[in-house]
Amino acid sequence: MAVSTSPETPIPVGEVSRLIGGWIERLGAVWVEGQITQLSRRPGAGVVFLTLRDPSYDISVSVTCYRQVFDKVAEVVSEGARVVVHAKPEWYAPRGQLSLRAAEIKPVGVGELLARLEQLKKSLAAEGLFAADRKKPLPFLPQLIGLVCGRASAAERDVLENARHRWPAVRFAVRNVPVQGVHAVPQVVAAVQELDALPEVDVIIVARGGGSVEDLLPFSDEQLVRAVSAAVTPVVSAIGHEPDSPLLDLVADLRASTPTDAAKKVVPDVGEELARVQQLRERARRAVDGFVQREERGLAAALHRPCIQRPQRMVEDREEQVTAMLERGRRTLGHLLDRADSELTHTLARVVALSPKATLERGYAVLQRPDGTAVRSPQEVEPDEALRARVAEGEFRVRVDGAPGAATAAE
C-alpha cells in the first residue's frame, strides 16, 4: 500500500524501515538459487553466514542459517558451489539490511546443471541464435586480435605464442578477466562488448583451459551467449579441451577445440602462405609458358602454310582462269555486237525500203495542202486550189486545173 507523504508531512526513517519490513514479511518463504561466494563458520557459533550471488546479473544477498541446517550439507558445499536455498526474507530494521534466513540448503548436482543447460540450449536454438546463417566469416589475416582470457593463464600463453609463431607481425588486444566463479560472466561479457566496440579489432577469441562442468558454467550463461550473438565482430570460442562443449561454442562464429587450435584457425602460417604463393607463382609460370608455346607452335604452323610462304601463288593459280574468262567474255561480247550490228543493218534496210523518201526517189510526188495534209483523192481538191508537190529533191507549188481531177504547175 502506498504511503501518502509530502515535504510538510514526512515520515521518520524508522517508520519507513518498519513499513519495508512489513512488506517483506508478506513475501513468505521462497526457493532461491545462487552461487556461494563467502562462507563464514565461526567455531562455537550457532549461526552460519554466507553470501549467495547471481553470477549472471552480479547481484548478491546475505544468507544466515542455523549451524544444524548447514551441517547437513557441509561436506559437499563450499565457496563457489551452486545451491538452492529455502529461505524467508528478513529485514533488519536498525540497519536497513535485507537478508535471507535459510531453513534448508540443497546443492545443485552436475546432472541437474546439465539438464538445465540442455533446456537453455533448446530455448536459444529455437530463437535461431545457433543458426549457421548467422555465422560471420573470419578475416584471412587479422591485423588486431581481441583476446579474452584469464590473467597469466596457459590459454593466454598458448594463443599468443602459437599465433606469433605462425605470423610474427600479428597484434593482440588482451583483456584479462576471471574465467570461473561469480565474477566471470559480467566481466567476460564486458570484455567482449568492449573489444567489439573497437573498429580496429578484426576478430575476438574467448579462451580458457579445461575444467570441470562447474568451472565452465560461465561460458554457458545466457547473458554471455546473447552478448556474443549480438557482436558485430567475429567471435571464436576456445574453451577447455576437445570433449568440452559449452553453449558459447554453439553461438560463436567459429569453435576451436583448444586455445592452441584457435591460434591456428585465426592466424595463417607465414611459412605455409609463402609456400602457397610460390606454388601459385609456379603454376602461373607454367600456365604462361604453356600458352606461349602453344601460340608459338600455332604461329610456326601458320608460317609453314603455302599461302603464307608464297602468297602470290594464289594469284598465279588464278591468272590463267582470269585470262581465259576475259577472252571468253570478249568473244561473247564480240558475237553479241556482231549479231546486233547485223540485225541493225537489216532493220535499217527495211526501214529505208519502207521510207517515203525512197518512194519519192523512184519518181513519185506527194501533193500537200498548205496545212501539210496530203491529197489522196481528186475529189479532195477544188478547182484553182493551190497545192504543194513534194518530190525527192524538194518541192514546188501547183494549182488545180479548172477541170476536176486536173492540176497544173504554178511555177
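Residues numbered from 1 in each chain as written. Predicted model: local features only at pLDDT ≥ 70, side-chain atom pairs only at ≥ 80, totals over all residues. Heavy atoms only, no water.

### Quick look at the overall build of the protein chain
Part 1: Counting secondary structure elements, the protein chain contains twelve helices and 14 strands.
Part 2: In summary, the protein chain has a C-alpha radius of gyration of 61 Å against a globular reference of 22 Å for 411 residues, an excess of more than 25%.
Part 3: When the backbone C-alpha atoms are referred to their principal axes, the protein chain occupies close to 190 × 80 × 40 Å.
Part 4: Taking all 411 residues of the protein chain together, 31% fall into the buried category.
Part 5: Of the contacts formed within the protein chain by residues at least 6 apart in sequence, a portion of 57% connects residues at least 24 apart.
Part 6: Split by element, the accessible area of the protein chain, about 25900 Å² in all, is 56% carbon and sulfur.
Part 7: Across the protein chain, the 53 positively charged side chains and the 56 negatively charged ones have centroids separated by 4 Å. (Helix = DSSP H or I, 4+ residues; strand = E, 2+ residues; numbered from the N terminus. Rg over C-alpha atoms; globule rule 2.2 N^0.38 Å. Buried < 20%, exposed > 50% of the residue type's maximum accessible area, 1.4 Å probe, protein only. Contact = heavy atoms within 4.5 Å. Areas by Shrake-Rupley, 256 points an atom, 1.4 Å probe, with all protein chains shown as cover. Lys, Arg positive; Asp, Glu negative; His and termini not counted. Charge placed at Lys NZ, Arg CZ, Asp CG, Glu CD.)

### Let's talk about the confidence of the model for the protein chain
Low pLDDT marks regions whose predicted coordinates should not be analysed in detail.
Part 1: Model confidence for the protein chain is summarised by a mean pLDDT of 86, while 95% of its residues fall at 70 or above.
Part 2: Ranking the elements of the protein chain by mean pLDDT puts strand 14 (residues 407-409) last with 51 and strand 6 (residues 144-149) first with 95. (pLDDT = per-residue confidence, 0-100.)

### Remarks on the pattern of salt bridges
Part 1: The final tally for this structure, using the stated rule, is 18 salt bridges.
Part 2: The residue Glu194 makes a salt bridge to Arg175 at a minimum N-O spacing of 3.1 Å. Note that Glu194 is positioned in helix 5 (residues 184-196) and Arg175 in strand 7 (residues 171-176), a separation of 19 residues in sequence.
Part 3: With relative accessibility at 40%, the residue Glu194 sits in the partly exposed group. (Salt bridge = Lys/Arg side-chain N within 4 Å of Asp/Glu carboxyl O.)

### Some thoughts on the packing of aromatic side chains
Part 1: Counted by the stated rule, this structure contains zero aromatic pairs.
Part 2: The lysine or arginine in question, Arg101, covers the ring of Tyr66, its NZ or CZ lying 5.1 Å from the ring centre. (Phe/Tyr/Trp six-rings, centres within 6.5 Å; stacked < 30°, edge-to-face > 60°. Lys NZ or Arg CZ within 6 Å of the ring centre and 35° of its normal.)

### Structural notes on a nonpolar patch on the surface
Part 1: On the surface, Val3, Ile11, Val16 and Trp23 cluster together into a nonpolar patch covering about 300 Å² of accessible area.
Part 2: Residue position: Val16 is located in helix 1 (residues 13-27).
Part 3: Exposure remark for Val16: the relative accessible area of 34% places this residue in the partly exposed category. (Patch = residues over 30% accessible without salt bridge, like charges linked within 9 Å, V, L, I, M, F, W, Y side chains within 5 Å.)

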